[in-house]
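# Residue-level structure breakdown
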Amino acid sequence: MNRFDCHRGHGPYAGVSGFLAEIAADRPRLAAPHRVELYAIAPWLDRTARPAAEEEPIRFHPARRTACLAYGAAEFAASWAGTLRRPVTVTFEHVAHADETTAELLDTLLPRIASTPLRLDLRDDGRAEPPPLPTDPDAVRAALGDGLARGFYHHAARVAAHGRAIVTPEGDLRQWWACTTGLATALAALERAEEALALYDEARAATGDPKINMSAAYATAMLYARHLPAARQDPGQARHWLEESLRLAEDVDDPRHQVISTVFYEQGLALLDAKAGAPAEALRLIDDGLARLTAVLAPGEHPQHLARLRHNRAQVHLALGDPARALADLDGVIAHDPDNSEYYVDRAALHRAAGRVQAAIKDYGTAIRLGPHLPEAYYNRAVLLLERGRDERAREDLGRALAIDPGHLDARIALVNAHLERGALDAAERDALAGLALAPKEPALLCTLGLIRSERGEPAEELFTQALEGDETLVEAWTNRAAVRFERGEVTAAVADLDRAVALSPAPEPRYNRGTALARLGRWEEAARDFTDALAQPGLDRALRRDLRAELARCDRARSG
C-alpha cells in the first residue's frame, strides 16, 4: 500500500477506492460498520451485488450523497489510522485530474487524520495518459448507466458527453438518445436543469420517434415540476408535458408495457395534484395505478415500482390527515423495499408526530445506516435526543450532520442552543460564528449570538436588531432586545418590544417579562393582567408559576395600597 492513481480516467473514486479496499481487508472489524459506504465506493468488495446499472433504479440518488459517503469513508480511514503504531505515508498521484468524488473524499479525509500517524502525499505529476473512455456502444451505455445508478453524476456527464460526440442521431439514434437522456439526467441532478431542458428540446427536434418523444416529454415535465430553479418551475408546463407523454403512451404496442408506462406517468400528475391542494384526486390516481400495475406484474416482479407508488400514497394520506393509513402504507413499503433510507425517514416522522419517540429514534438510526449518514436523519434524531435529556449524544449527532453538510442551518442553530443550555458560551459562539460565515444574515443565529454576548455583559442590542430586520416574527429577538433595554433603564422601549413578542406568541414568558416591565412603570392593572394571563397557560413549570404568583401578589398590594 504505497501509491494510488487518482486520475479521473480510471473512474469515480479512482485511487481512494483501492486504498480503502486495502485497509478494509486489513481491518475487517473496523470496516464492518461502514459497509454501505465502502460497497458504494468500491463495489467489488460486495461479492453478492449485481452491477448498479442492472438494478433499474426508479429514483436516482441525490448528488449530495457523495458527501455522506465521503464522511463515512473518512471516519473509517481515520479509525484505521488511529491504530497505526508507526508513521505511514500513502501517495495519491494525479490528484489535480481526479474525479470530483475522489477530490471530495480526500478533502474530507485530510483534517480527520491530522492527529494520527497517517500522512497523505498528494501529487500532481503532470498530465498522465489515462485509459480512454469506451467507444463500443454497449460499453458506453454500461458506464453511463453505472454512473447514474450510483449517483456519480460528474463522471456520468463526462461519459454521456463523450458518447454523444462519437455518434449522431442519424447514424445511431438509439445510442445518441441513451447518451442524451443520460446527460440530461446527470445535469438535472447537478442543478443544471436549464441545460437538461435544452437537450430534450434538441431530441424533439432531431427525431419523431414516439418512444423517445414519450420519454422526453415525461422528463421535461419533471424538470418543470421539480428540478428547475424555483422561479422557473411551472406546474402548467409540467402538466402539459405529462399529458403529452400519456398521449404518446396510448400508442405503445405491448399492452403490458403500455400499462406500466401509463401508470408511471400518471404518478407525475398525482404529484402535481398533491402540490396543488387536490390530494383526493392524487389518491384516486395512485390507487387506480396500483390496481392496474398489480394486475400486469408477476408476483415479486418490480417490487420497487410498487413500493414507490405505496410511498406516494402514504404521503397523500398524510396530506388528507390520515396518519394511520400513511403508517400502514409505509410499513408495507419497507417490507417490500427494506434498504431504502428515505422510507425510514418518513416513517420516523410519523412515529415522532404520534409521540412514539423510541420508534422514531430507531427508524432514524436505520436511515443513517442505510443512507448512509444522512445529515437530516442525524439532525432529527438529535432533536429527539435533546427532548429526552440525552444531550451529549444529541450534540454528537448535530456535529455529524454539520460535518457532512456545513450549511445545515437547523442543525447549526440546534447545536448552538445546546451549547448555550449547558453554559458553554465559547462553544456556542464558535458554532454561531461558523454558521454566520455561511449565512451572514441568518436571524436565528444573529439572535443567539446576541444572547451569548448579552450573557457576557457585552453589547448585544445591534445583533437583536439585525435579527429582527431579517425576521420580524422572531419572538426570541424581541424578548431579548427588550431585556437589554430594560436593564439599561429604557423600560418604555422594552415594553414596546414585548408588545410585539406577546402579539406573536401565547407563551407565558413574554407576558411575564412585560408584566415585570409594566410594574416598573407603575402600571399595576396592566401588569396584573399579564401575570394572570401567563398563569392561565398550561404546562407551567413550578418555578415560573411561583414567580408569577409572587408578582401578582405584589400588584395586588400596590393596587390596594
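These notes cover the structure that comes with them.

What counts and how
- Residues numbered from 1 in each chain as written.
- Predicted model: local features only at pLDDT ≥ 70, side-chain atom pairs only at ≥ 80, totals over all residues.
- Heavy atoms only, no water.
- Helix = DSSP H or I, 4+ residues; strand = E, 2+ residues; numbered from the N terminus.
- Buried < 20%, exposed > 50% of the residue type's maximum accessible area, 1.4 Å probe, protein only.
- Contact = heavy atoms within 4.5 Å.
- Areas by Shrake-Rupley, 256 points an atom, 1.4 Å probe, with all protein chains shown as cover.
- Lys, Arg positive; Asp, Glu negative; His and termini not counted.
- Charge placed at Lys NZ, Arg CZ, Asp CG, Glu CD.
- Pairing = 2+ DSSP bridges.
- Axes fitted to C-alpha atoms, helices over the stretch in contact; angles between N-to-C directions.
- Right-handed = clockwise from strand over helix to strand, strands pointing away.
- Salt bridge = Lys/Arg side-chain N within 4 Å of Asp/Glu carboxyl O.

### As for the overall build of the protein
Helix and strand content of the protein: 28 helices and three strands. Looking at the protein as a whole, 49% of its 561 residues qualify as buried. For the protein, long-range pairs separated by at least 24 residues make up 60% of all intrachain contacts whose partners lie at least 6 apart in sequence. Summing over all exposed atoms, the protein offers an accessible surface of approximately 27100 Å²; the carbon and sulfur share of this is 51%. Taken as two groups, the 69 positive and 84 negative side-chain charges of the protein have centres that lie 5 Å from each other.

### Observations regarding the environment of Val357
Tracing the chain through its elements places Val357 in helix α17 (residues 357–370). Here Val357 falls in the partly exposed class, since its relative accessible area comes to 21%. Sequence separation of Val357 and Ala96 is 261 residues, and the distance between their C-alpha atoms is 47 Å. The contact partners of Val357, leaving out residues within four places of it in the chain, are Leu384 and Arg388.

### Considerations on the sheet that holds strand β3 (residues 118–122)
Within a sheet, adjacent strands bond to each other through the backbone by hydrogen bonds, running parallel or antiparallel. Pairing within the open sheet is parallel, and its three strands lie in the order β1-β2-β3. Looking at the sheet topology across the chains shown, the edges are occupied by β1 (3–5) and β3. On average, each strand axis in the sheet is tilted by 25° relative to the strand beside it, whichever way the strands run. Looking at chain direction, β1 and strand β2 (residues 88–93) are connected through three bridges and run parallel. Residue pairing for β2: Phe4 is matched across the bridge by Phe92.

### Here's the deal with the pairing of β3
Relative to β3, β2 is paired through five bridges, and the arrangement is parallel. Within the sheet, the bridge partner assigned to Phe92 lies in β3 and is Leu122. For the crossover from β2 across helix α5 (residues 100–112) to β3, the handedness is right-handed.

### Some words on unusual backbone geometry
Between Gly371 and the following residue, Pro372, the backbone shows a cis peptide bond with an omega angle of -10°. Looking at where Pro372 falls in the secondary structure, it is placed in the loop between α17 and α18 (375–387). Despite not being glycine, Tyr13 shows a phi value in the positive range, around 60°. Along the polypeptide, Tyr13 turns up in the loop between β1 and α1 (16–26). The class of Tyr13 is buried, set by a relative accessible area of 0%. Phi at Glu191 takes a positive value of approximately 60°, unusual for a residue other than glycine. Exposure remark for Glu191: the relative accessible area of 73% places this residue in the exposed category.

### Let's talk about the pattern of salt bridges
Inspection of the entire model under this criterion finds 43 salt bridges. Put simply, Asp273 and Arg239 hold a salt bridge, and the shortest N to O gap is 2.9 Å. Here Arg239 lies in helix α11 (residues 235–249) and Asp273 lies in helix α12 (residues 255–275), a separation of 34 residues in the sequence. The partner of Arg456 in a salt bridge is Glu429, with the nearest N and O atoms 2.8 Å apart. Taken together, the residues span a long stretch of sequence, with Arg456 in the loop between α22 (443–455) and α23 (461–470) and Glu429 in helix α21 (residues 425–438) at a distance of 27 residues. Classification of Arg456 by relative accessible area gives partly exposed; the value is 28%. If you follow the salt bridges from partner to partner, you end up with Glu461, Arg481, Arg485, Arg488, Glu490 and Asp497 in one network.

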